[in-house]
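The chain contents come next:
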Amino acid sequence: MNDNLINISNLHVSINNIPILQGVNLNIKPGEIHAIMGKNGSGKSTLAKVIAGHPNYNITHGDIQFNGQSILHINPEERAIKGIFLAFQYPIEIPGVSNADFLRIAYNAKQKAQKKAELDPLSFFELINQYIEKIDMNPQFLSRNVNEGFSGGEKKKNEILQMMLLDSKLGILDEIDSGLDIDALKNISTSINSILTKEKSIMIITHYQRILDYIIPDYIHIMEEGKIVYTGNADTAKKLEQYGYESIIQNQVSNTQKY
């Protein structure tokens, strides 16, 4: 029996006929934290977008299975309902739409799809306040327009709030640490750690070790030229800081060639 939450097998992806991913294999079990690292252009963000169902990418080979079922031919909304969430590196602002309305519509859309009761504004306000309190977010952000005038840390915290509200099974955090000072990073990390369970998994895409000091991964994968070329434990990030990508990758190649 396949006990993986997500199973990515020999995934090849192109955009405008240019190959980006060239044979990605990755399995994530419920409750695991995986970090994806690599230099710019290695395919990290492409992998995140493809899992979430971005329409601009063409899957030319391979498969993505979520809870044992292929998701290649379902749209992003259906993937979200199944429990996949992508937190953007640069969350967009939505002028004229309050955060409360945006969150309630998203929540009710999932409730409706799962044939569950939708919430009226008052009932939803009671629910969302429980989540806001859990991640130490100012309730005033509910009345403001989505991400408009938010700091980098506030935008990222708003992404985590969405992931919590939608009860996502796989949270894909694309450079959630980008642009954060050390206090904001600690705050975001605490919020993420507070929602982890044995059923929920996290994929963190990052360039830096620092977030992995606060959210300890079970595995760290290094990507290069569209594929995962190295997998190690949490100590891998420290090795990268000390020796750099090339040293780790070349050492892996040398060890592989011995056999």
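Residues numbered from 1 in each chain as written. Predicted model: local features only at pLDDT ≥ 70, side-chain atom pairs only at ≥ 80, totals over all residues. Heavy atoms only, no water.

### Digging into the packing of helix H5 (residues 152–165) against helix H6 (residues 182–195)
Step number 1: Running from N to C, H5 and H6 point in directions that differ by 5 degrees, and their axes come no closer than 10 Å. Regarding the angle of H5 to H6, the classification is roughly parallel. Of the residues in H6, those touching H5 at Gly153, Lys156, Lys157, Ile160, Met163 and Met164 are Ala184, Asn187, Ile188, Ser191, Ile192 and Ile195.
Step number 2: Class assignment for the residues of the contact of H5 with H6 results in seven nonpolar, three polar and two charged. (Axes fitted to C-alpha atoms, helices over the stretch in contact; angles between N-to-C directions. Helix = DSSP H or I, 4+ residues; strand = E, 2+ residues; numbered from the N terminus. Parallel < 35°, antiparallel > 145°, perpendicular 65-115°, else oblique. Contact = heavy atoms within 4.5 Å. Nonpolar A, V, L, I, M, F, W, Y, C, P; charged D, E, K, R; others polar.)

### A closer look at the environment of Ile51
Step number 1: Within the element layout of this structure, Ile51 appears in helix H1 (residues 44–52).
Step number 2: In this structure Ile51 touches Ile6, Ile8, Ile64, Ile71, Arg79, Ile84, Leu170, Ile172 and Met203, once residues within four positions along its chain are discounted.

### Points about the pattern of salt bridges
Two side chains carrying opposite charge are able to pair once their charged atoms lie near each other.
Step number 1: Per the counting criterion, the structure on display carries five salt bridges.
Step number 2: A salt bridge links Lys39 to Glu224; its shortest N-O distance comes to 3.9 Å. One end of the pair, Lys39, is in the loop between strand E3 (33–38) and H1; the other, Glu224, is in strand E11 (residues 219–224), and 185 residues separate them in sequence.
Step number 3: Note that Asp167 and Lys200 form a salt bridge whose closest N and O atoms lie 2.6 Å from each other. With Asp167 in the loop between H5 and strand E9 (170–174) and Lys200 in the loop between H6 and strand E10 (201–205), the pair connects residues that are 33 residues apart, well separated along the chain.
Step number 4: Look at Asp167 and you get partly exposed, because its relative accessible area is 35%.
Step number 5: In this structure Lys200 comes out as buried when scored by relative accessible area, which is 19%.
Step number 6: One salt-bridge network, in which partners are shared between bridges, spans Asp167, Lys169 and Lys200. (Salt bridge = Lys/Arg side-chain N within 4 Å of Asp/Glu carboxyl O. Buried < 20%, exposed > 50% of the residue type's maximum accessible area, 1.4 Å probe, protein only.)

### Observations regarding the sheet that holds strand E2 (residues 18–28)
Step number 1: Across the sheet, which stays open at both edges, the four strands sit in the order E2-E1-E4-E5 with antiparallel pairing between neighbours. With partners counted over all chains shown, the strands left at the sheet margins are E2 and strand E5 (69–70), one partner each.
Step number 2: One ladder, built from seven bridges, connects strand E1 (residues 6–15) with strand E4 (residues 58–66); its direction is antiparallel. Bridging across to E4, Asn7 finds its partner in Gln65.
Step number 3: Relative to E1, H1 is tilted by about 110 degrees, and along the sheet it contacts E1, E2 and E4. (Pairing = 2+ DSSP bridges.)

### Brief notes about the sheet that holds strand E12 (residues 227–232)
Step number 1: Read from one edge to the other, the open sheet built from six strands follows the order E6-E9-E10-E3-E11-E12, with strand pairing classed as mixed. Taken across any chain shown, the strands that pair with only one partner, and hence form the sheet edges, are strand E6 (84–87) and E12. Going from strand to strand, the sheet's axes swing by 20 degrees on average, the running direction of each strand aside.
Step number 2: Pairing of E11 with E12, which is carried by five bridges, proceeds in the antiparallel orientation. Bridging from a neighbouring strand, Met223 pairs with Ile228 of E12.
Step number 3: Lying over the sheet, H5 contacts E6, E9 and E10, oriented at roughly 175 degrees with respect to E6.

### Here we look at the pairing of E11
Step number 1: Pairing analysis gives five bridges linking E3 to E11, with the strands arranged parallel. Within E11, the position partnered with Ile36 by the bridge is His221.
Step number 2: Linking E11 back to E12 in an antiparallel pair, the connection comprises two residues, with Glu225 at a positive phi of about 50 degrees.

### Some thoughts on the pairing of E4
Step number 1: Note: E4 against E5, two bridges, orientation antiparallel. Within the sheet, the bridge partner assigned to Phe66 lies in E5 and is Gln69.
Step number 2: Hairpin remark: E4 followed by E5, antiparallel, with two residues in the connecting loop; positive phi at Asn67, about 50 degrees.

### Here we look at unusual backbone geometry
Step number 1: One non-glycine residue, Asn17, lies in the positive phi region at around 65 degrees.
Step number 2: For Asn17, the location among the structural elements is in the loop between E1 and E2.
Step number 3: Positive phi is not limited to glycine here, since Lys115 has a value of about 55 degrees.
Step number 4: Looking at where Lys115 falls in the secondary structure, it is placed in the loop between helix H3 (99–113) and helix H4 (121–134).

### Thoughts on the packing of aromatic side chains
Pairs of aromatic rings are described using the distance from one ring centre to the other and the angle between the two planes.
Step number 1: Inspection of every chain in the model, using the stated rule, returns two aromatic pairs.
Step number 2: Both rings, one in Phe141 and one in Phe150, keep their centres 4.8 Å apart while their planes meet at 75 degrees; by these two values the pair is edge-to-face.
Step number 3: Using a relative accessible area of 10% as the deciding quantity, one classes Phe141 as buried.
Step number 4: We classify Phe150 as buried; its relative accessible area is 6%. (Phe/Tyr/Trp six-rings, centres within 6.5 Å; stacked < 30°, edge-to-face > 60°.)

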